[in-house]
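Examination of the molecular architecture
If you want the building blocks of each chain, they are given just below.
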Amino acid sequence: MSLYFDCAIRSGGGAGIIHVLSCWHPSFPFLAVGSYSEEKGGYVSVYTDDGEKAEAVKIPEHPTAQVTSVAWHPTKKILVVGWENGELFLFSDHNNTCVEVPTIHNASVILLKWSKNGSRLITGDSSGSVVGWSLDRSNQLNTVFHHELKDPITQIMFRNVSTPESAIDMSGLARAAVAGDERALDLFSSWRPKTGKRGGYGLDERKENLNFYVGSKSGVIYYLNENGSCMEVLQADGAIKTLLYHEYADILVVVTESLVVGQFRVEHDGTLSEVSKVKMSSRNAEVSICWAGRGLLAITTGELAVRLWNLDSGDNFVLNGKSGSGKSEFITSLTFSSAKSTLAAGTSLGNILMWKCSEVNQPSHLSQESNWTAEPMARVGLAVKQASWGTTYNLLVVNSVREVFILREHQVSVHFNQDICAVQVSPTNLTVIFDERKASLNSDIQIRGVFVTSETITVWNGHRVLVYDILQDNNRFLSQGGFNAECESLVVFEKSVYTLENMKINIRTFQGTIKQSLTLSENEGLGICLDINSSFLTCATITGCIRMWDLSRREAKSHSYPKFLADHIPDFGEVISVRINANATKLSILIAQSNLIPDPKLYVWDVENDAIIYYNFASGKNDQDDSNSVPPNSARSERGDHLASNSAIFGRVAVNHEWDSDEPRLLVVEAKLLPGAERSDIRSQLHSVPLQESQAIIVSLFVLEENGIVIQDITPMSEDQVKLIAMKVPFYYLLSNPNDFVSPIEKKIIKDFSGLEKSDKKTKDAIVNFSMFLSIGNMDEAFKAIKAIKSEKVWENMARMCVKTKRLDVAAICLGNMGHAAGARAVRQAIKSKESSEVQAAILAVHLGMTEEAEQILIGCERYDMLNKLYQDSGQWNKALEVCENHDRIHLRNTYYNYAKHLEAMGDLNSAVPMFERSETHRFEVPRLLFEDVHMLENYVMKSDDRAIRRWWAQYMESTGEMDTALHFYGLAKDYLSLVRVYCYCDNLDKAAEIASETNDRAACYHLARQYENIENINEAIHFFTRAQAYSNAIRICKEQGLEDQVWNLALLASPTEKLDAARYFETAVHKQYDKAVILYEKAGYLGKALDLAFASNQHNALQFIAENLDSSTDPVLLNKTADFFLQGGQFNRAVEMYAAAKNYNKALDLCVNHNISVTEEMAEKLTIPKDEGTEEERVAALDKIAETCFLQGNYHLATKKWTQAGMRSKAMKALLKSGDTEKIIFFANVSRQPEIYVLAGNYLQSLDWRNNPEIMKHIINFYTKGKAPKLLGGFYEACAQVEIDEYQNYEKALGALTESLRCLTRSGEETRLEELKRTMEPVKQFVEIQALYEKNPEDGIEKCKEFMSSGNFEMVRRGDVYGFMIEHYARNNQYKAAYALIEDMKSRIHNVNIVYYINLQTIRSVESNLGVEILGVTQTDQYDDDDDIADETDRFN
């Protein structure tokens, strides 16, 4: 919470002074005020932020003219002043001189406007003259352009260009903090860095836009570019009052004197196109308009309210102010600080109203009404003419014509000590609270700090210190003394004031006399904060050095050596605050990191152990657990604190901390949410008041040597609670908003002390120990600490802790001491139960009234059934339903029902009805619920689509005699039985029959059939009994009437019982019908009876029908009997089927063989003995017999299958070979993997055309190889060689085949065959070598060929091939005579030789033509010519 201190500027003038205008420098703490007095005339004064005159800035007075405008340069200390006579003054700090600028203005200079970076100045006067100026390096103004518009101008607005803002991030906050950005720092605390330098933000690096718009009284808007070119772009409806530029949307906002607000899109060339136009209203002609955020326009209404209008979305809302004076008051001036997100409004009665936007992360939040909150009001006492924010200090200047005030924001000073508290309520006023009494202290200075002891109150403002004695008898204060001292911080101990003054701490008397000085070395640095507890004083310096002194002696003595935090804390920047405990053994410290962002860790210096430990509020862990994945003090950690504690702390930063004045282990901390921290837990959404949603929380901690920093309790702070100020067991104290509470101080009881507020010190110490041991989970020591205390509240607190530790044994003792019989009984039962420890703890929590803790435990262990029951019992029905919908759907209907009963008990019948419907109990419950209100019940029925409800209403109407209404609702409910019943009751059988026939409702048909039977309408009765499928009734009537045909038809549709009854009827009737009886017996399941009757009455056709339904599950005796019957009748096929079904396989097979019955695959399967029946020998013999029969009948595939099943693969292969199915033969051989099978398959494949099918050749070779038959394989290779010679004359491949044959025969061991093959191979080998030699040397090849011919050893080599080889050679070399001689020799040696087979026909003709001889006869020539022609034709078509 903050206040705004006002100070009037020290103008030093007389009574006749009026202040016409004021202007802040954008970057430096300078305020220019334009004034007028009769003595001086017009003049301009410059003041500092403290209201003192800046003596270095001297601007000449003007005795005959008033100041009409002033403007500061954006980044330089340059001030331009415009006068009503057209003159311009320019002040520059370059040489602290003010000069008159030569100007061409002849009228009042009413407008001065600098461009964004200050390179261009635009001046305008009341006659319409516009001049553009540039600023050179010597800070002199030079004219760039001049326009005489001849139209009085009212507004000048530069066309600025902006880039979209991004969301605030941590790095951006760091940069903003160093620059002194209030908005960035306000996200954390009221602290401001001492090492951060305030000043300008620096020059915007982007190129500025020098184009601008000018508005005039005639309503014309002109556009001037940087070169001075001017054009008229808009004619408004009236005089221009205000021009605003929406940088982010590139829109110009135009406000006229008649309050017409227009939005115009700015085109690239500066022209305007209308977007929208709205007429605003105000009770006052003087309207103030300004931006209040990106695209958010703030407009006064002539009342004590401000209308905010979002130009981007069109939304608008009103911020209302409160005055309390009871007089008519309205807002006269508006100003907005984007750095503080604060809108300030000055009123006609001298009040300053302020509203602050709590969300600064996104500009869109500025336009949400819920994010704007009213700040404390300030007052200057005089009507406000002008108010404006300025400088990087974000100060507010208020001009009331007679006075000018500077308002500075200040955090409320408050101090609590020794049961006395002083709170600042105004700049000079304190409220002092002691012993439930209050008193007011008015000081002579504006208070910036206060310190309270039991006897004195000390206040200071940074320059002067005042001390007051407290007279508690009459609630008055007596001035004890005062002195001047430049100090930011001080403390008081006994009769001395300790003032921190730069590099030393002066110990002064109340009158200011220095008794002792505690000096800080240069290495330790400048002191920045003090704290005192008991008799110990501590000081923190700007370098991070911590010093302590003991004040209990006559003179202050150093208590420990200096501690430099930068040596122990990484990324140390600056100390924010330091607090010392009661015995000076521990100090708590808040620091900022090197980027001047507050560190979320709370550090504690353990002086005795010289160790620095910490608790990280950002992660919710202390230094012992910060690197672990399991948070401390959580349900999963050894200390066992519940998960909510850690999750509530996570994502926060500590902002205030206080030690207890007596207990050195107890520390209380205020922590706030970090901006943008992601903190939500999915399951925590079910919590009723989650701590995670609190902006600030109070965390009480124990600082222990062994356990470190341990959480004792967490309490959320309300919005009205401002800050933590002190702690004294058993309370901690909070500062509250004084606007809303009578007392500005709230006293909160520490957990575990509830009910023991006024106990003695011994009891308090015991409770502190008890609470400490509970916090670390040591239940035994906690029990010992309070064993002697007879306080029910203490035992209750310990029982509550047992919920966290799940120590139900201790809880039982606690409940006994509390006298809580029901709780003790429930705990004993929970211990005996088999439920988990979490469930037992939840039961304990419920009996202790800790419903939130029970809720968290049940969520954690996922016992949503019990959580649902808890919510129901506690009346949280919405949560109960939510749990059921998402996690406990098995109890969903029950929950809806219980909720409906609850609503019924509460008398909310309208809400109970839909709950009964959702529980699906409405069919009974709703009529019961609404029965007393028939009209309401009828309305419900009318709206309901539920058939059961409609049927109930129809029954109710029927009971009251309203038959027509009953029929209507029976129809809507589609209750056709009731419809038919009522119509029958009304003797309208035709309508009943119509309904029964249309709907085919069985119950309706049955009821109608009974009615027809009663009136002896037999045909209709039988018809409707049949439609109702009440066949027994229909058959009964037919038998009584002798309708045998209908008995037969109905029996076929009826159940087995009716079929049996009908069969007996046909068997015993006068006119017996055995065939029908047999069929009905069989259909009724009485197969034996059916067969006996069929045999007895020779019903062959019926027996045929029955046999179709017989299978192996039928009694074998009946099957054999049936088979014998078929056998006698010569129906051998049916007999075989019956024998097979009866598992009489041998007899069935004999019938097949003896009577040549074709064995199908289905019959074969039936005749096959299953593996689990009979012996294996019997099964194999049966399979062999089936296969043999199939083989004889030519069914080779089936025979193969059965022999395979019998394991007789050779027979199976032979049967398959008989079928000639090559593909299956190859498959069977590969599957069988038996040598014999492989050989059989190879022999079979050799009988095929393997010469033209390479695949078959491969299979032959493969099968002989796998069959280990080298002799057969060798013979096959020999045959292949012969084919190569005979078919293709390819001796080389033939030699390869013979070689393979030789290799195979070598393995077979047949020497005779081997020698014979070698002899056969030799000529072939010689001829192949001759052919190879011929390729290299034809002449040698021919000689070798001649020698081969003369040897006469040919064997497999054909003599004709040798002749042909030689003849081809001679013909190719044109030795036709030699070729002819060999041809003749060939004819003579080979009898009946076909020379064309060995010699190419073209070669023969070539010899004939060249020698003129005839080798072939005429007949042969014609034949070969015809063959050549056919070959040529074939080649042509191919």
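Everything that follows concerns the structure shown earlier in this document.
Bear in mind the structure is a predicted one, so any value in this text is a computation, not a measurement.

Bringing the overall build of the protein into the picture now. Within the protein, the regular secondary structure consists of 47 helices and 61 strands. Among the 1438 residues that make up the protein, the fraction classed as buried is 52%. Carbon together with sulfur atoms contributes 47% to the accessible area of the protein, which is approximately 66,400 Å² in total.

Attention now goes to the pairing of strand S17 (residues 240-246). In terms of burial, S17 is largely enclosed, as seven of its seven residues are buried. Both S17 and strand S18 (residues 251-256) contribute to a ladder of six bridges, which runs antiparallel. Bridging from a neighbouring strand, Leu243 pairs with Val254 of S18. Taken together, S17 and the strand that follows it, S18, pair antiparallel across an intervening segment of four residues, in which Asp250 is found at a positive phi of about 55°.

Okay, the nonpolar core next. Nonpolar side chains in soluble globular proteins tend to end up buried together. Met1213, Val1362, Met1386 and Ile1395 are the most contacted members of the largest nonpolar core, which has 78 residues in total. Setting aside chain neighbours within four positions, we find Ile1395 in contact with Ile1383, Met1386, Lys1387, Ile1404, Ile1415 and Leu1416. Counting 66 residues, the second-largest nonpolar core is a separate cluster that includes Leu967, Cys984, Cys1038 and Ala1084.

Moving on, we come to the pattern of salt bridges. Inspection of every chain in the model, using the stated rule, returns 30 salt bridges. For Glu658, the salt bridge is made with Arg579, and the minimal N-O distance between the two is 3.3 Å. Linking Glu658 in strand S55 (residues 652-659) with Arg579 in strand S50 (residues 572-580), this pair joins segments that are 79 residues apart in sequence. Here Glu658 and Arg579 have matching classes, each one buried.

Another point: the environment of Ser521. Within the secondary structure, Ser521 sits in the loop between strand S44 (514-519) and strand S45 (527-533). For the pair Ser521 and Met503, spaced 18 residues apart in the sequence, the C-alpha separation amounts to 7.2 Å.

That bond from Val729 to Pro730 is cis: its omega, 15°, falls within 30 degrees of zero. Looking at the element boundaries, Pro730 is found in the loop between strand S59 (721-728) and strand S60 (731-736). Its identity is not glycine, yet Asp250 carries a phi of approximately 55°, on the positive side. Structurally, Asp250 is set in the loop between S17 and S18.

Before going further, it helps to spend a moment on the packing of helix H20 (residues 989-999) against helix H21 (residues 1002-1014). Running from N to C, H20 and H21 cross one another at 145°; their axes reach a closest spacing of 10 Å. Of the two elements, H20 crosses H21, and the hand of that crossing is left-handed. For the pair H20 and H21, the contacting residues are Leu989, Ala992, Ala993 and Ala996 in the first and Cys1005, Leu1008, Gln1011 and Tyr1012 in the second. Class assignment of the residues belonging to the contact of H20 with H21 gives a composition of seven nonpolar, one polar and no charged.

Taken together, the four strands give an open sheet; going across it, the order is S13-S14-S15-S16, and neighbouring strands pair in antiparallel fashion. A strand with exactly one partner marks an edge of an open sheet, and here the two such strands are strand S13 (153-158) and strand S16 (230-235). Taken pair by pair, the neighbouring strands of this sheet meet at an average axis angle of 25°, ignoring direction. As judged from the four bridges shared by strand S14 (residues 212-216) and strand S15 (residues 220-224), these two strands associate in the antiparallel manner. In the strand pairing of S15, Phe212 is matched with Leu224.

This brings us to the packing of aromatic side chains. For the structure shown, the criterion picks out 21 aromatic pairs. On the basis of an interplanar angle of 50° and a centroid distance of 6.4 Å, the ring pair of Phe336 and Trp372 is categorised as tilted. Of this pair, Phe336 sits in strand S25 (residues 331-337) while Trp372 sits in strand S28 (residues 372-374), and the two are 36 residues apart along the sequence. Taking the relative accessible area as the measure of exposure, Phe336 reaches 17% and is therefore buried. Judged by relative accessible area, Trp372 falls into the buried class, the value being 7%. Their ring planes at 65° and their centres at 5.2 Å tell us that Tyr615 and Phe617 sit as a pair that is edge-to-face. Here Tyr615 falls in the buried class, since its relative accessible area comes to 0%. Taking relative accessible area as the criterion, Phe617 reaches 0% and is therefore assigned buried. Taken together, Phe931, Trp952, Trp953 and Tyr956 form an aromatic cluster joined through their ring pairs. The side chain of Lys77 reaches across the aromatic face of Phe28, ending 5.0 Å from its centre. Taking NZ or CZ as reference, Lys601 lies 5.5 Å from the ring centre of Tyr614, over its face.

Overall, antiparallel pairing links the four strands, which are arranged S21-S22-S23-S24 in an open sheet. Strand pairing shows two members of the sheet lacking a second neighbour, strand S21 (289-291) and strand S24 (316-320), which therefore form its edges. Each neighbouring strand pair of the sheet contributes to a mean axis angle of 25°, computed without reference to strand direction. Sheet analysis places S21 next to strand S22 (residues 296-300), joined by three bridges and oriented antiparallel. When the sheet's bridge partners are listed, Ile289 is paired in S22 with Ile299.

To continue, consider helix H13 (residues 892-905). In a regular helix each residue adds 1.5 Å, so 14 residues correspond to 20 Å; H13 covers 20 Å between its end C-alpha atoms and thus fits that length. Among all positions of H13, only Leu892, Thr895, Tyr896, Tyr899, Ala900 and Leu903 are buried. Axial view of H13: buried residues confined to an arc of 140°, hence all on one face. On the buried face of H13, the contacting elements are helix H11 (864-873), helix H12 (877-886) and helix H14 (909-918).

Before going further, it helps to examine H20. For H20, every residue scored as buried is listed here: Ala992, Ala993, Ile995 and Ala996. Considered in projection along H20, the buried side chains sweep an arc of 165° and stay on one side of the axis. In H20, the exposed positions that point more than 90 degrees away from the buried face belong to Asp990 and Glu998. On its buried face, H20 sits against helix H19 (976-985), H21 and helix H22 (1018-1027). Asn1000 lies just past H20 and shows a positive phi near 55°.

The rules behind these values
- Residues numbered from 1 in each chain as written.
- Predicted model: local features only at pLDDT ≥ 70, side-chain atom pairs only at ≥ 80, totals over all residues.
- Heavy atoms only, no water.
- Helix = DSSP H or I, 4+ residues; strand = E, 2+ residues; numbered from the N terminus.
- Buried < 20%, exposed > 50% of the residue type's maximum accessible area, 1.4 Å probe, protein only.
- Areas by Shrake-Rupley, 256 points an atom, 1.4 Å probe, with all protein chains shown as cover.
- Pairing = 2+ DSSP bridges.
- Core = buried A, V, L, I, M, F, W, Y, C linked by side-chain atoms within 4.5 Å.
- Contact = heavy atoms within 4.5 Å.
- Salt bridge = Lys/Arg side-chain N within 4 Å of Asp/Glu carboxyl O.
- Axes fitted to C-alpha atoms, helices over the stretch in contact; angles between N-to-C directions.
- Left-handed = near helix turned anticlockwise from the far one by under 90°.
- Nonpolar A, V, L, I, M, F, W, Y, C, P; charged D, E, K, R; others polar.
- Phe/Tyr/Trp six-rings, centres within 6.5 Å; stacked < 30°, edge-to-face > 60°.
- Lys NZ or Arg CZ within 6 Å of the ring centre and 35° of its normal.
- Expected span 1.5 Å × (residues − 1).
- Arc of directions from axis to C-beta.

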